[in-house]
Amino acid sequence: MTLDQLEPAIQAVIRPRRDKVNFIRYADDFIVTAAGREVLEERVKPVIAVFLRERGLSLSEEKTKITHIEEGFDFLGHCGGGPTTTAMSSPEKHSTRSNGM
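Residues numbered from 1 in each chain as written. Predicted model: local features only at pLDDT ≥ 70, side-chain atom pairs only at ≥ 80, totals over all residues. Heavy atoms only, no water.

Peer 1: Quick question: what am I supposed to make of the pairing of strand E2 (residues 29-34) here?
Peer 2: The side chains of a regular strand alternate, first on one face of the sheet and then on the other. Counting buried positions along E2 gives six out of six residues, so the element sits mostly inside the fold. Here E2 shows two buried faces, one formed by Asp-29, Ile-31 and Thr-33 and the other by Phe-30, Val-32 and Ala-34. Direction of pairing for strand E1 (residues 22-26) relative to E2: antiparallel, over a ladder of five bridges. From the neighbouring strand, Tyr-26 faces E2, where its bridge partner is Asp-29. (Buried < 20%, exposed > 50% of the residue type's maximum accessible area, 1.4 Å probe, protein only. Helix = DSSP H or I, 4+ residues; strand = E, 2+ residues; numbered from the N terminus. Pairing = 2+ DSSP bridges.)

Peer 1: How should I be thinking about the nonpolar core in this particular structure?
Peer 2: Nonpolar side chains in soluble globular proteins tend to end up buried together. Within the largest apolar cluster, 18 residues are counted, with the highest numbers of intra-cluster contacts made by Leu-6, Ile-10, Val-21, Phe-30, Val-32, Val-44 and Ile-48. Of all the elements in the fold, those that place two or more residues in this core are helix H1 (6-11), E2 and helix H3 (37-53). Sort the elements by how many residues they give to this core and H3 lands first, with six residues. Here Ile-10 is in contact with Val-21, Phe-23, Val-32, Val-44, Val-47 and Ile-48, once residues within four sequence places are set aside. (Core = buried A, V, L, I, M, F, W, Y, C linked by side-chain atoms within 4.5 Å. Contact = heavy atoms within 4.5 Å.)

Peer 1: Whenever I open this one, the packing of aromatic side chains confuses me. Can you help?
Peer 2: Here a ring pair, both rings aromatic, is described through the centre-centre distance and the interplanar angle of the planes. Under the counting rule described, the total for this entry stands at one aromatic pair. Positioned above the aromatic ring of Phe-51, the side-chain terminus of Arg-55 is 3.5 Å from the ring centre. (Phe/Tyr/Trp six-rings, centres within 6.5 Å; stacked < 30°, edge-to-face > 60°. Lys NZ or Arg CZ within 6 Å of the ring centre and 35° of its normal.)

Peer 1: Sorry, what's going on with unusual backbone geometry here?
Peer 2: If a residue is not glycine, its phi is most likely negative; likewise, a peptide bond is most likely trans. One non-glycine residue, Lys-20, adopts positive backbone phi at about 50 degrees. With respect to the helices and strands, Lys-20 occurs in the loop between helix H2 (16-19) and E1. Of note, Ala-27 is a non-glycine position whose phi angle comes to about 55 degrees, a positive value. With respect to the helices, strands and loops of the structure, Ala-27 is situated in the loop between E1 and E2. Accessibility expressed as a relative area gives 37% for Ala-27, which makes it partly exposed.

Encoded structure:
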């Protein structure tokens, strides 16, 4: 699948013990959690954007959120949330654009 190598691309730019990044994926939906907002904004999101662009796809700025996990998030129709982490959720399939593919 198109997203099969996304997790290794993310792992290549983070410091595992310090950044505490987790990647959860089901088909074409995914979330990424990290110890802090700056990890997601400065390292993870740019890698995801480049990874998708190279495959003719893009993140929807309207649907992609970086939020504190305590505020909750929707993943596959289920609300998630917890006490100490920050999460980035991806757009669903219908909100990801394909460039002629």
